[in-house]
Amino acid sequence: MNRQKSSYKPLSENSAIALAVRLNLFPAGSDLHCREIGDGNLNLVFHIADKSSDKGFIIKQALPYAKVVGESWPLSLDRARIESSALQKQAETVPALVPRVYYTDDSLAVTVMEDLSHLKISRTGLIGGENYPLLSEHIGEFLAKTLFYSSDFALEPSAKKELVKKFTNPDLCKITEDLVFTDPFFDHDTNDFEEELRADVEALWADTELKLETAKLKRKFLTEADALIHGDLHTGSIFASDTETKVIDPEFAYVGPLGFDIGQFIGNLLLNSLSKPSQEQESLFQHIDTTWEVFQREFSKSWERDSLEVFTRTEGYLQHVLTKAFEDAVGFAGCEIIRRTIGLAHVADLDGIADKNRRIQAKQQALALGTALIKERTSITQTKQLRSYFAQVAAS
Ligand SMILES: Nc1ncnc2c1ncn2[C@@H]1O[C@H](COP(=O)(O)OP(=O)(O)O)[C@@H](O)[C@H]1O
Ligand SMILES: CSC[C@H]1O[C@H](OP(=O)(O)O)[C@H](O)[C@@H]1O
């Protein structure tokens, strides 16, 4: 890997090809084709392939602003460094579950990575009715290993502090602090919802118990430096097939609370369930069960085998850590469900429901479910209980 200095300029399809040639990504004389395929909120993503072999690479480049809003929302280019560094860190423990990084240039805010076009973004696949039998097994392992091996349980104290320093990510954390933990709970101009939801949304804004519990969750996000988290682990950040899973887009990575990624993933599975007829929901609940089971199993194995912290031998400590991570994850899932329903960044699972009455009903259920998860999280100690909370809001 080769980090070079060059001055920043946004790439075009032609200059992305020129960069690929300069980096010798393809044999000399290859006939290259490039397309900008970015469909996320923030960055440019170029797919460059050799027309004859179809072998390709991805060049991802950060823009100095949030693409979805425009230049009025400036954003640090440092997120490209964070993303490539996080992918490389994750590859130390789960190499099969992340794309390979071939080259980075922090000044150009560029990462060259493995082309995963043979897979599908799991949100799109789940909406289309695919089940991805290994998705939750793989994500449970991803969560357990990336979190455990970047925590104080596995790192020397000085190495952990270095990690915190390297992954200090103020701009992107601010986005989450605002868009996930604050704006949806107030009458803020970033919010976006159908007029038919106004009564439900105003009830949510007036719910002081909900606000207090959300404030506690936001505080965890602001202050708990447990482990290097992905920071945006929704189903749109996961490529999948029946056999493979790859987690992309860790530009929101920072050292944060253990339960955050778990909660975002579970929250997005629940959002998908809300868009489905009841007979298609069980497979999604099973994914939630498996994610937590595999997370617990793999985290516990690493705890037994690789812990450096002397207190990990103390009876009850592992259970305490797991119980707290689950409780927080349930609350974070609630915040994710609410913000994806009425905040700035929606999900196709709900917005794509063609029938308007059905869509509004699903969003009302999402607001009720998110609220229940935030308020009741201390009583929810097992994934199986999520089914009854879900059934209650679906019946209302
Ligand atoms: N490694 C990859 N291989 C193939 N396609 C990719 C890859 N990374 C990103 N993409 C495509 O680009 C889209 C946006 O990528 P993402 O990293 O989510 O961007 P953003 O940071 O803007 O959200 C993805 O939904 C996917 O279609
Ligand atoms: C203005 S950023 C909104 C939203 O977008 C990010 O997601 P992605 O990069 O996957 O498109 C993140 O979830 C932010 O909260």
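Numbers given for residues are sequential positions, taken from 1 along each chain in its written order. Both sets of labels track the order of writing: A upward for chains, 1 upward for ligands. Owing to the predicted nature of the model, reporting of local features is limited to residues with pLDDT of at least 70; listing and counting of side-chain atom pairs is limited to 80 or more, with chain, interface and lining totals taken over all residues. Heavy atoms from the whole structure form the basis of all side-chain values; hydrogens and water molecules are not counted.

1. A few points about empty space enclosed by the protein
In this analysis the probe radius is 1.4 Å and the grid spacing 1 Å, with only protein atoms considered; a cavity is a set of points the probe fits into but cannot get out of, a pocket is an open set with protein on both sides within 12 Å along at least five of seven lines, and lining residues have an atom within 4 Å of a point. Grid points are joined across faces, edges and corners, and a volume is the space filled by probe spheres set on the points. Scanning all chains against the criterion turns up 1 cavity of 30 Å³ or more. Reported here for the largest cavity is a volume of approximately 50 Å³. By the criteria applied, helices consist of DSSP H or I runs no shorter than four residues and strands consist of E runs no shorter than two, each listed in order from the N terminus. Looking at the lining of the largest cavity, the elements that each hand over two or more residues are strand S3 (56-62) and helix H2 (78-93). Only Asp, Glu, Lys and Arg are considered charged, only Ala, Val, Leu, Ile, Met, Phe, Trp, Tyr, Cys and Pro nonpolar, and every remaining residue, Gly among them, polar. Tallied by class, the residues present in the lining of the largest cavity amount to 2 nonpolar, 3 polar and 4 charged.

2. Regarding the domain arrangement of the chain
You'll often see interface size given as the accessible area lost when the parts meet. As annotated, the domain borders come from an automatic or database domain assignment. Partitioning the chain into domains gives domain 1 (13-20 + 28-114) and domain 2 (120-395). Using only C-alpha atoms to locate each centre, domain 1 and domain 2 end up separated by 25 Å. Taken residue by residue, the interface counts 24 residues in domain 1 and 28 residues in domain 2. Buried surface area refers to the total accessible area, computed with a probe of radius 1.4 Å, that the two partners give up upon joining, counted for both partners together. Across the interface of domain 1 and domain 2, roughly 2,100 Å² is buried in total on both sides, 69% from carbon and sulfur atoms. We define a salt bridge as a side-chain nitrogen of Lys or Arg found within 4 Å of a carboxyl oxygen belonging to Asp or Glu. Seen at the junction of domain 1 and domain 2, the total is 2 salt bridges. The salt bridge partner of Glu251 is Arg79, with a shortest N-O separation of 3.2 Å. The criterion used for residue contact is that any of the two residues' heavy atoms lie within 4.5 Å.

3. Thoughts on the site of ligand 2
Asn41, Asp232, His234, Asp249 and Arg339 are the nearest of the 16 residues found near ligand 2. Using a 1.4 Å probe, the Shrake-Rupley method yields the accessible areas, and only the shown protein chains count as cover for residues. In isolation ligand 2 has 400 Å² of accessible area, and contact with the protein removes 95% of it. Applying the majority rule of atoms within 2 Å of the grid points places ligand 2 in the largest pocket. Elements that contribute at least two residues to the shell around ligand 2 include exactly helix H6 (170-179) and helix H11 (317-342). Split into classes, the residues belonging to the shell around ligand 2 amount to 8 nonpolar, 3 polar and 5 charged. Counting only domains with at least three residues in the shell around ligand 2, you end up with domain 1 (13-20 + 28-114) and domain 2 (120-395). Consider each residue's heavy atoms; a residue with any of them within 4 Å of a molecule or strand counts as near. A molecule is counted as occupying a cavity or pocket when more than half of its atoms fall within 2 Å of that pocket's grid points.

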